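Each chain, written out:
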Amino acid sequence: MDVEAVLAQAPDRQVATGASKLAVPAKWPELGHDDAALWGLCQGSGKSPYQVCVDLSDRATKCSCPSRKFPCKHAVALQLLHANGSTQEKPQPDWVGSWLHARHARATTERKPAQPGKRREESVRAGIAGLTDWLTDLSAGGLATLPSREPLWWQGIMARMVDAQAPGIASAIGELRSVVGANRPRWYEEATDHIGRLYLLTRTDFSDAARVRLGFTTTEQEVRAGESWADDWVVLLRLDSDDGKVRTVRQWAWGRSRKQWVYTARHAAGGAIPVPAMTPGAELAAVMHPYPGGLPRRVAVGEVTRSGPAGPIPLPDTWDQALAAAESLLVNDPWLRLVPLCCKGTRPARDDRSLYLIDAAERALPVRAGASLAQALARTGGDPFDAMGLWDGNSLQLCAIAEPGAFPEVVS
């Protein structure tokens, strides 16, 4: 790696400048390298020199200094010295070997002649090791430092995850950056939630649910060639989103025999509007082909043999029952952001801070204001109604309603 490439790793200009000043052999009582790593001791302001090392397999760094920046100026300086030919090849010290062993124990499994899928998994494991180091740096700095982090600090780790073939992690870090940049009143609570989900990815067992979050994909052609579920599907929940590049429409349907929700996702780029995969408010006799992943399962819609208006579906009596049923979905897929949540006989209420739907047990659940809630109130006149929607952990996005026990109507 040349000098320019090394300096490009610096999270900000201050680190790059400091590293250039430190890239002098006289400031390093020990310098060395082998095929696996670089290492050195850099004399700082304290009594003991800082221990600095770099894993040459992916340029991950470790330094004993208290810096909250990643990589720190000492780690960048060490790589500058190596690029300038100032390090000597020699045996690793024990502290370097211990760090490398710990990293590789987390990141690698027994290597066999790898198939393409296996090579991808090994690449992702190496990326996860880098994510672990990045989260350690983030933890050392604390949440309060996130708003002042340079764009290069975010871009570097996101590019590293893309290179490791883990685009799902890159997207998740991008979402964390957006939360920090939005600076909402309680942004730190949202950020903590995102960081927790990222940490869970570092502990992954490569389950189907985890692979989806990491960015492993399955083509629709592969899905249609696999398992199929024939059932009557009640299409009630829908959510549209637009990230500025891609528009997405997601729909959730209840399977009468399977007694579980499934969902479809359609995407469109370049300003196009995606066409929903299913008719909202319909009940379909159809075959669904499930993608790998957690519950609710994403599906591709197969042959539809009958279609009519949606009939009533079984609903919990209280929000507590509904949330208890959702627990198993979150245990299966802790990265799940939207959970179908329904309840019989709810009535609207409000206080100074929020709007709520109150169940028969007087339990209040926050509901999001908007067109769907306005439609529900207009159609019911404030009388109790069965509520069906999507829960994001903070509030319910109302999607469909019904007079108690009657046929549902889509309001989203």
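Since the structure is predicted, the reported quantities are computational estimates derived from the model, not experimental observations.

Draft legend 1. Representation of the state of the cysteines. Inspection of the entire model under this criterion finds zero disulfides. No disulfide involves Cys-63; its sulfur sits 3.5 Å from the nearest other cysteine sulfur, which is in Cys-65. We classify Cys-63 as buried; its relative accessible area is 16%. In this structure Cys-72 is a free cysteine whose sulfur lies 3.7 Å from that of Cys-63, the closest cysteine sulfur available. Residue Cys-72 is classed as buried on the basis of its relative accessible area of 6%.

Draft legend 2. Looking closely at the sheet that holds strand β2 (residues 37–42). Pairing is antiparallel in the open sheet, where four strands are placed in the order β1-β2-β3-β4. The open sheet has two free edges, formed respectively by β1 (30–33) and β4 (60–63), since each of these has just one partner strand. Along the sheet, successive strands turn relative to each other by an average axial angle of 10°, direction set aside. Bridge analysis of β2 against strand β3 (residues 50–55) gives six bridges, and the strand direction is antiparallel. Along β3, the bridge assignment pairs Ala-37 with Asp-55. Across the sheet, helix α3 (residues 73–83) touches β1, β2, β3 and β4, and the angle it forms with β3 is around 60°.

Draft legend 3. Expanded view of helix α6 (residues 151–163). Helix length check: α6 (13 residues) gives 18 Å between terminal C-alpha atoms against 18 Å at 1.5 Å per residue, within 8%. Taken together, the buried positions of α6 are Trp-153, Trp-154, Ile-157, Arg-160 and Met-161. One face of α6 carries all of its buried residues, which in axial projection span an arc of 135°. In α6, the exposed residues that point more than 90 degrees away from the buried face are Val-162 and Asp-163.

Draft legend 4. Quick peek at unusual backbone geometry. Look at the link from Leu-295 to Pro-296: it is a cis peptide, with omega at -10°. As for its position among the elements, Pro-296 is in the loop between β8 (282–290) and β9 (297–309). The phi dihedral of Lys-259 is positive, around 55°, even though this residue is not glycine. Secondary-structure assignment places Lys-259 in the loop between β6 (246–255) and β7 (260–269). Using a relative accessible area of 59% as the deciding quantity, one classes Lys-259 as exposed. Positive phi, normally seen in glycine, also occurs at Glu-362, with a value near 65°. Of note, Glu-362 is situated in the loop between β11 (355–358) and β12 (364–367).

Draft legend 5. Representation of the domain arrangement of the protein in the model. Once the domains are mapped, the protein shows domain 1 (3–110), domain 2 (117–214), domain 3 (220–309) and domain 4 (319–410). Here the C-alpha centroids of domain 2 and domain 4 sit 31 Å apart. Contacts between the two partners involve nine residues from domain 2 and, on the opposite side, six residues from domain 4. Where Asp-333 meets Arg-213, a salt bridge forms, and the shortest distance between an N and an O atom there is 2.5 Å. The tally of links between domain 2 and domain 4 comes to five residue pairs in polar contact (both at pLDDT 80 or more).

Rules and cut-offs
- Residues numbered from 1 in each chain as written.
- Predicted model: local features only at pLDDT ≥ 70, side-chain atom pairs only at ≥ 80, totals over all residues.
- Heavy atoms only, no water.
- Disulfide = S-S within 2.5 Å.
- Buried < 20%, exposed > 50% of the residue type's maximum accessible area, 1.4 Å probe, protein only.
- Pairing = 2+ DSSP bridges.
- Helix = DSSP H or I, 4+ residues; strand = E, 2+ residues; numbered from the N terminus.
- Axes fitted to C-alpha atoms, helices over the stretch in contact; angles between N-to-C directions.
- Contact = heavy atoms within 4.5 Å.
- Expected span 1.5 Å × (residues − 1).
- Arc of directions from axis to C-beta.
- Domains from an automatic or database assignment.
- Salt bridge = Lys/Arg side-chain N within 4 Å of Asp/Glu carboxyl O.
- Polar contact = N/O pair within 3.5 Å; in protein donor to acceptor, adjacent residues only side chain to side chain.

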